[in-house]
Amino acid sequence: MLDAKKIADEYLNWVKGNYNFLQLEYSGSIDIQTPFIDSFGDNISFIVKLVDDKLVLSDEGFTIWNLENNGTIVTRKNTHKRRILNSVIRLDNAQLTEDNEIIKTVYKKNIGQAVHDMTQLIFKINDMTMLSSSNIKSIFYDEALEYFNKHPSMYHKIPSFSIIGKSQLSHKIDFGFFTKEGIKLVKVHNSLTRSTVERAIVTLVDTADYRKINYQENEKLCLLVNGVDKSKDNTINNIDSLAEYNIDIVDFTDKKEVEKKLAISI
């Protein structure tokens, strides 16, 4: 039987041992190298600098430069990708400068949560490598929300909320559903990548204590994904990895599967 406390402790120890914080003498800033990998195989990193009485986290423009240098253009005005980029940044209470620098400004006391949030924000923006101009009609979350709202008798959901994990970091749950099989907590992702898998496992492990108290571990974590290509080996590997932690995948493009897994009745 899996020991949730042991896994949580090992994860937190791994995080502490693999984040690197480097003082930059020439600027007085701190360079943060995370152990997490972006869509192009680079470690996600950013800096923290003191401005007046607040801390500013900045990727120094690298995230968007890297996307566009690799063929994913997200800054062109009046395009679906630009609207998605703006929405993702706005929802995370961050800003995009004229130089395409992603910044987040926080009080000193909130720096721990801010480092976590900045890492997650860069993950989300990197997910845009999987978006296709031909099939993006709206932000995926809004599309999913609209669908569920149109079928209130079929889907009994609660709106997004956050869970504080053992690490004291906040993990956002996009939807909660009352289903035939019990409560299901759902996180929404544009695509199923290795980073998506890692983040889901982190959420599951870090929130184990909270969920045990509030749900008696009867709930299930699911990932609602905007299309799952099971013909690819890496997709199958990702699904198998999640299954080891009893995390389920729901393919939003397959409405029969959505009904089967998330509806209160069919």
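Criteria and thresholds
- Residues numbered from 1 in each chain as written.
- Predicted model: local features only at pLDDT ≥ 70, side-chain atom pairs only at ≥ 80, totals over all residues.
- Heavy atoms only, no water.
- Axes fitted to C-alpha atoms, helices over the stretch in contact; angles between N-to-C directions.
- Helix = DSSP H or I, 4+ residues; strand = E, 2+ residues; numbered from the N terminus.
- Parallel < 35°, antiparallel > 145°, perpendicular 65-115°, else oblique.
- Left-handed = near helix turned anticlockwise from the far one by under 90°.
- Contact = heavy atoms within 4.5 Å.
- Nonpolar A, V, L, I, M, F, W, Y, C, P; charged D, E, K, R; others polar.
- Pairing = 2+ DSSP bridges.
- Buried < 20%, exposed > 50% of the residue type's maximum accessible area, 1.4 Å probe, protein only.
- Arc of directions from axis to C-beta.
- 1 Å grid on protein atoms, 1.4 Å probe; cavity = no way out; pocket = protein on both sides within 12 Å on 5 of 7 lines; lining within 4 Å.
- Points joined across faces, edges and corners; volume = space filled by probe spheres on them.

Moving on, we get to the packing of helix H1 (residues 4–18) against helix H6 (residues 194–206). The N-to-C vectors of H1 and H6 enclose an angle of 125°; their axes lie 9 Å apart at closest approach. Classified by the angle their axes make, H1 and H6 are oblique. Here H1 and H6 pass one another in a crossing that is left-handed. For the pair H1 and H6, contact is made by Ile-7, Ala-8, Tyr-11 and Leu-12 and by Val-202, Val-205 and Asp-206, respectively. Partitioning the contact of H1 with H6 into residue classes produces six nonpolar, no polar and one charged.

Take the sheet that holds strand E4 (residues 54–58) next. The six strands lie next to each other as E1-E2-E3-E4-E6-E5, forming an open sheet whose pairing is antiparallel. Both outer strands of the open sheet, strand E1 (20–23) and strand E5 (95–96), are each paired with one neighbouring strand and no more. The sheet contact formed by strand E2 (residues 30–37) and strand E3 (residues 43–51) spans five bridges and is antiparallel. From the neighbouring strand, Ile-37 faces E3, where its bridge partner is Asn-43. Its contacts with the sheet put H1 on E1 and E2, and the angle it makes with E2 is roughly 135°.

The subject of this paragraph is helix H9 (residues 255–262). Of all the residues in H9, the buried ones are Glu-257, Val-258, Lys-261 and Leu-262. Taken end-on, H9 shows its buried residues confined to a sector of 100°, consistent with a single buried face. Across H9 from its buried face, at more than 90 degrees, point the exposed residues Lys-256 and Lys-260.

A separate point is the packing of H6 against helix H8 (residues 233–243). Orientation of H6 relative to H8, taken along the N-to-C sense of each, is 5°, at an axis distance of 10 Å. With respect to H8, the axis of H6 lies roughly parallel. For the pair formed by H6 and H8, the contact residues are Arg-194, Val-197, Ala-200 and Ile-201 on the first element and Asn-237, Asn-238, Ser-241 and Leu-242 on the second. Looking at side-chain class alone, the contact of H6 with H8 contains four nonpolar, three polar and one charged residues.

Time to look at the layout of surface pockets. What the largest pocket holds in volume is close to 1300 Å³. Contributing to the lining of the largest pocket are 45 residues, with Asp-92, His-116, Asp-117, Gln-120 and Lys-124 lying nearest its centre. Listing elements by their share of the lining of the largest pocket, those giving two or more residues are H1, helix H3 (80–91), helix H4 (111–126), helix H5 (140–149), strand E9 (170–173), strand E11 (182–189) and H6. With nine residues, the single largest contributor to the lining of the largest pocket is H4.

Sheet architecture is open: five strands sit in the order E7-E10-E11-E12-E13, paired in mixed fashion. Each edge of the open sheet carries a strand with a single partner, namely strand E7 (156–158) and strand E13 (248–251). Looking at each pair of strands side by side, their axes are set apart by 35° on average, direction ignored. Running at roughly 30° to strand E10 (residues 175–179), H5 makes contact with E7, E10, E11 and strand E12 (220–225) of the sheet. Strand contacts of H6: E11 and E12, with the helix running at about 155° to E12, the strand carrying the most contacts.

Turning our attention to empty space enclosed by the protein. Under the definition given, this model contains one cavity of 30 Å³ or more. Its volume calculated, the largest cavity comes out at about 40 Å³. Together, Ile-173, Leu-185, Thr-203, Leu-204, Thr-207, Arg-211, Glu-219, Lys-220 and Leu-221 line the largest cavity. At the level of secondary structure, the elements contributing two or more residues to the lining of the largest cavity comprise H6 and E12. Taken together, the residues of the lining of the largest cavity break down into four nonpolar, two polar and three charged.

Moving on to H5. Along H5, the positions that sit buried rather than exposed are Phe-140, Ala-144, Tyr-147 and Phe-148. End-on view of H5: buried residues confined to an arc of 95°, all on one side of the axis. Buried positions along H5 lie against E7, E10, E11, E12 and H9.

Worth remembering: the numbers are spatial, not functional.
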